[in-house]
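Descriptive structure summary
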Amino acid sequence: VQALRRLRNDPLGLFAEAAAQDTEVAAFRAAHLRVFLAVGADAIAHVTLANRDNYRKGVSYDALRIPIGDSLLTADGATAVSRRRLLGPLFTRRAVVDAIPTMAGAVEDCCTRWEQLAARDEPIELTAEMNRLAFDVVGRVLLGAELGAAMTRLGDRIDDASAWVARRTRAVVPLPPGLPTPANRAYRRAESEIRAFTEGVIAQRKDAAGDDMLSRLLAARHPDGTTLTDTEVRDEIIGFLMAGHQTMGALLAWTWQLLAAHPDARAGVEAAADNDEDEYIVQVLEETLRLYPPGWAFTRTPRRDDELGATSVPAGSIVVICAYANQRSPRFWEDPERFDPERFAPGATPPAAHHFFPFGAGPHACIGRHLALVEAKLAIAMLARRFRVVPLTAGPVAPQPGITLTPASSVGATVVRRE
Ligand code: HEM
């Protein structure tokens, strides 16, 4: 009963304590659920790589299948392999570099908005503001730059759908989605609007391809020459919008909070931004991803009984791999609670794979990771060159483990023009 209560109310504390112990795999029993936390290098590599065919994406993905079906984010097995092969070329470093001017356009619009806010001394809510920027960037890269106000509305509906998915994922026994409860009806309306909008853009791009990921997705071919169906394309795009929105927003919001709490690091970022150098900004982003990984945990479920080292994990149980817990474990990090971008300095020893994995592990690791890092680097550099974010209260607020690790309460801040 206690494990169940802590799984529900304090999974970060529960998993962090377990990962601090000298154990490869920690086991919890929670009512009818058997939950295992894979902590050690061998256990994580076994689940995500060596024996991955025995694992499907687990309970943390069930609710996401409602909006996006079997898209890359939710798929496993043969579908996942062929999807990943098809989609990989859209997300290479090269492809991301080509998208920089599009991303910069969105950040530039944010700068214009901040000029006005700064002039009026009007505060922002940091998480909402960064979600808005993140959606604008990812939306333009995926769908094209000219959608304007329609994009803001799409972002709001994606937020509604994500919040509903997050609520269902938290519930241990989710209600079937068909019930006409007010929340389910609101979700269905958001889903229809998102789908109709995306289908509209797909129809336009089929008439005239643009310089966006959707156009490349429509042209992508499997080895046998076939393409994705329109519905598959639509669901992939919605999946990317959902995967790349609040994760990016959270990363940016945590970065500003940590910089405000650590003036030396802030000075370093501002100097780097002024001189067009990005090394130190990347160090700060990595250290932020260590302490506040937006994708804080993911689950897998064994198809057949398996052994993780000395621990038997039965078919149907839940295996959790928790970046937050490992990345703060005193077994793996010295003084783990301290924010220290020097951990990622060029001369420092890079962390082992199971000490630091904010983008996941193995062949299912985040396909958007280059995009995410380049986007974050660009946004922080362009904004820090001109502005300082000054939170109204000191220090980062506590993290809340939903699907994404976000600040638990609203973070008021002013944006101040740098002299
Ligand atoms: C800071 C930003 C981001 C973080 C922290 C993040 C984190 C993660 C993590 C931890 C996984 C692995 C999940 C698992 O193995 O179960 C993942 C997978 C994935 N991410 Fe991201 N992500 C970010 C941004 C993005 C963006 C921008 C996109 C797309 C535009 C994206 C698309 C995906 C997809 C499609 C998968 C599934 C890949 C597969 O299963 O092969 N992510 N992400």
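Check the entry above for the structure.
Worth saying up front: this structure is predicted, and the values here are computed from it rather than measured. (Residues numbered from 1 in each chain as written. Predicted model: local features only at pLDDT ≥ 70, side-chain atom pairs only at ≥ 80, totals over all residues. Heavy atoms only, no water.)

Another point: the packing of helix α8 (residues 126–143) against helix α13 (residues 246–261). Their axes nearest at 8 Å, the elements α8 and α13 cross at an angle of 130°. Taken together, the axis directions place α8 and α13 in an arrangement best described as oblique. Handedness of the α8/α13 crossing: right-handed. The segment α8 lies against α13, with L126, T127, M130, N131, L133 and A134 engaging Q246, M248, G249, A250, L252, A253, W256 and Q257. (Axes fitted to C-alpha atoms, helices over the stretch in contact; angles between N-to-C directions. Helix = DSSP H or I, 4+ residues; strand = E, 2+ residues; numbered from the N terminus. Parallel < 35°, antiparallel > 145°, perpendicular 65-115°, else oblique. Left-handed = near helix turned anticlockwise from the far one by under 90°. Contact = heavy atoms within 4.5 Å.)

All chains considered together, the criterion is met by 35 salt bridges. For E17, the salt bridge is made with R6, and the minimal N-O distance between the two is 3.0 Å. In this pair, E17 is assigned in helix α2 (residues 11–20) and R6 in helix α1 (residues 2–9), connecting sequence segments 11 residues apart. Among the residues examined, E17 registers a relative accessible area of 45% and is labelled partly exposed. Between R205 and E146 there is a salt bridge, with the nearest N and O atoms lying 2.8 Å from each other. Of this pair, R205 sits in helix α10 (residues 182–207) while E146 sits in the loop between α8 and α9 (149–170), placing them 59 residues apart in sequence. Taking the relative accessible area as the measure of exposure, E146 reaches 53% and is therefore exposed. Linked through salt bridges whose partners overlap, the residues forming this network are E108, E115, R386 and R417. (Salt bridge = Lys/Arg side-chain N within 4 Å of Asp/Glu carboxyl O. Buried < 20%, exposed > 50% of the residue type's maximum accessible area, 1.4 Å probe, protein only.)

This part covers the environment of A26. Mapped onto the fold, A26 is located in strand β1 (residues 25–30). For A26 and L37, which are 11 residues apart along the polypeptide, the C-alpha to C-alpha distance reads 5.1 Å. Excluding residues within four positions of it along the chain, A26 makes contact with A18, V35, F36 and L37.

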